[in-house]
Amino acid sequence: LLYVSGEAGSENFMRGKLIWGDGSGDGDGLIGGMVYDHADGFRDSAGYNQAKGFMKYGTDLRGGQLELGFSGTVLDQDTAGYIYGEDAYRDATLRHTNTNPDAYRKANSQRLQASWQPDGNRTDDGWKVLGFLRRSEMDFLQHFLPGQPVEKNGQLSGGATLLRFARLGPARITAGFDTEIADGYLEETQGSADAGNRPQGRHYDYDVWQYLAAPYAQAELPIAARWTLRGGLRFEWLRYDYDNRMPDGNTRDDGSACTPPCLYNRPADRSDNFTTLAPNLGLLFRLDPENSFYLTLARGFRAPQAAELYRLQAGQNVADLKSETIDSLELGWHHQTAHLNLSAATFTMHKNHYILQDSNRYNVSDGESRHLGVELEVEARSDNGLYAGLAATWAKQTYAFSQQIAGGETIVSGNDIDTAPRTLGSLHLGWSAEPWLAELEWVHQGRYFLTAQENQRYDGHDLLNLRAAWSVNANWRVTARINNLNDTAYADRADYAFGEYRYFPGHDRELFLELGYRRGP
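Residues numbered from 1 in each chain as written. Predicted model: local features only at pLDDT ≥ 70, side-chain atom pairs only at ≥ 80, totals over all residues. Heavy atoms only, no water.

What follows deals with the environment of Gly516. Looking at the secondary structure, you find Gly516 in strand E31 (residues 510-519). A sequence separation of 512 residues divides Gly516 from Val4, and the C-alpha atoms of the two residues are 5.7 Å apart. Other than its neighbours up to four places away in sequence, Gly516 contacts Tyr3, Val4, Ser5, Asn475, Trp476 and Arg477. (Helix = DSSP H or I, 4+ residues; strand = E, 2+ residues; numbered from the N terminus. Contact = heavy atoms within 4.5 Å.)

Moving on, we come to empty space enclosed by the protein. If you walk through the whole model with that rule in mind, you get 1 cavity of 30 Å³ or more. For the largest cavity, the calculated volume is near 40 Å³. For the largest cavity, the full set of lining residues is Asp194, Gly196, Asn197, Arg198, Pro199, Arg252, Cys258, Thr259, Pro260 and Cys262. Classifying every residue of the lining of the largest cavity gives 4 nonpolar, 3 polar and 3 charged. (1 Å grid on protein atoms, 1.4 Å probe; cavity = no way out; pocket = protein on both sides within 12 Å on 5 of 7 lines; lining within 4 Å. Points joined across faces, edges and corners; volume = space filled by probe spheres on them. Nonpolar A, V, L, I, M, F, W, Y, C, P; charged D, E, K, R; others polar.)

The next thing to look at is the nonpolar core. Counting 18 residues, the largest nonpolar core has Tyr206, Val208, Tyr240, Leu309 and Tyr310 as its most contacted members. Among the secondary structure elements, those contributing two or more residues to this core are strand E11 (201-222), strand E12 (227-244) and helix H1 (306-310). Per-element tally for this core: the top contributor is E11, with 5 residues. In this structure, Tyr310 is in contact with Tyr204, Tyr206, Val208, Tyr240, Tyr242, Asn265, Pro267, Arg270 and Asp272, ignoring residues within four places of it in sequence. Membership of the second largest hydrophobic core comes to 13 residues, among which are Tyr448, Leu463, Ala491 and Tyr503. (Core = buried A, V, L, I, M, F, W, Y, C linked by side-chain atoms within 4.5 Å. Buried < 20%, exposed > 50% of the residue type's maximum accessible area, 1.4 Å probe, protein only.)

The next subject is the sheet that holds strand E30 (residues 500-505). With respect to topology, 3 strands assemble into an open sheet ordered E6-E30-E29, the strand pairing being antiparallel. Whereas interior strands pair on both sides, the edge strands pair on one side only; in this sheet they are strand E6 (83-84) and strand E29 (491-497). Pairing analysis gives 6 bridges linking E29 to E30, with the strands arranged antiparallel. Each bridged residue has a counterpart across the sheet, and for Ala497 the counterpart in E30 is Glu500. (Pairing = 2+ DSSP bridges.)

Here Thr259 and Pro260 are connected by a cis peptide whose omega angle stands at -5 degrees. Summarising the element assignment, Pro260 is placed in the loop between E12 and strand E13 (264-265). Look at the link from Glu434 to Pro435: it is a cis peptide, with omega at 10 degrees. Tracing the sequence through the fold places Pro435 in the loop between strand E23 (423-433) and strand E24 (436-445). The backbone of Asn484 sits at a positive phi, close to 55 degrees, despite the residue not being glycine.

Let's shift gears to the pairing of strand E14 (residues 270-288). Examined bridge by bridge, E12 and E14 share 16 bridges and lie antiparallel to one another. Each bridged residue has a counterpart across the sheet, and for Phe235 the counterpart in E14 is Leu277. As paired elements, E14 and strand E15 (residues 291-302) share 8 bridges and run antiparallel to each other. Bridging from a neighbouring strand, Leu281 pairs with Leu297 of E15. Counted along the chain from E14 to the antiparallel partner E15, the turn is 2 residues long.

Next up on the list: the pattern of salt bridges. Applying the stated criterion across every chain, the model contains 26 salt bridges. Put simply, Arg252 and Asp194 hold a salt bridge, and the shortest N to O gap is 2.5 Å. Note that Arg252 is positioned in the loop between E12 and E13 and Asp194 in the loop between strand E10 (171-190) and E11, a separation of 58 residues in sequence. Using a relative accessible area of 38% as the deciding quantity, one classes Asp194 as partly exposed. Salt-bridge contacts for Asp416 lead to Arg422; the nearest nitrogen and oxygen are separated by 2.9 Å. Assessed through its relative accessible area of 6%, Asp416 is described here as buried. (Salt bridge = Lys/Arg side-chain N within 4 Å of Asp/Glu carboxyl O.)

These figures capture arrangement, not role.
This is the structure we're talking about:
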């Protein structure tokens, strides 16, 4: 296998890809690849260089199949800050400016993974063992905050998973046990002079060890000719051991008092434990070979992150947080024929112990939210090469609690969650007949409120994208694409904070051309 491609486009965009392999396609042998990107960016001082690579090797070992993999990324980016003022993203000049030309982000990550499965194992009777080591670090300027502090963070972790597949009578069971140990750190330092309650110097400097253990099981049981019962349970235990490497409390980095009081507060060394149970139960009904219906009741969860526990603000001495949980009920329908695939679902969810920051970046703990929505996905294809697809979501996502945040905004139960649009969707129309392909895509993002009070909003946007490809022969292929064909002025992100509208403007119309060569499967 050999695949090589080169791509160029707007804003001096360049991308090179290389994939090679000597395997047989059944998991044996070596395969690898790399991608390099460069772009100047459509805004001033907003370019980047990025590289990604991977290698995967499979072989027989001690009566089983061994697979080893490695992947890594490197990013060197000049980041652009917000532009300010109501509807500033519509201004043809302002949208290309960058008020933070010194902003940057430098990051790299690596992951090594391995798996081994004994020969003769099947998906319903056997074992599998997986393990991984991973490392990451990042250094970036927080240009979106007063004082523009620099954050440095990183982590080194390793873990393993033991999987068991089995049958108990008519029931199929998958059981597993996840383990992980990680060591992470975070530093935040402000080089500029005091900015209100954000003092010059170090704000945070801490290290956290993390330990995780999680057994789980999932079962599937036919209970009648057309009915299948599904259910499972995951238990997770998570522990943090936190070490503060600065003076404890609401002080400057030398331990002296702040005037006015510092926004930042550093807790003393401590340990925190979280245990969570997450069950799920579902029922599947197969009406006929083309139609099936399902009903699922499930709980999802997320333990608090280290930054939510130990990166505290004034007035927070202990982040007494619980794991976020979200309980969901979903009813769905699948329809599949040779020319039409359709999936439709309606859902309702309730989230507890909601952890968030308001638009002024003040922490909010123990919140609640409710979510109600409908999703639709359709893919249709004709024998003459014409095809079409639709993906659409309508969702009402609201706060289910009221709270006045000290120094922040007021959250009112029943109001829409800010930055949560009610409508999202895409529609694509295309024609594919060798050696040609052409596709037009419409992307929709609905309007959303910028604050919990629903006083400011972004009106949403609609974009058109065009893609065409020509297979010159069995090995060579030319692809062209135009993003934002209608050259719409839009915002990738709209926000309202510290009394100002602020936006990350979206890209202007962009043209890209790619030439690719492929040899092998």
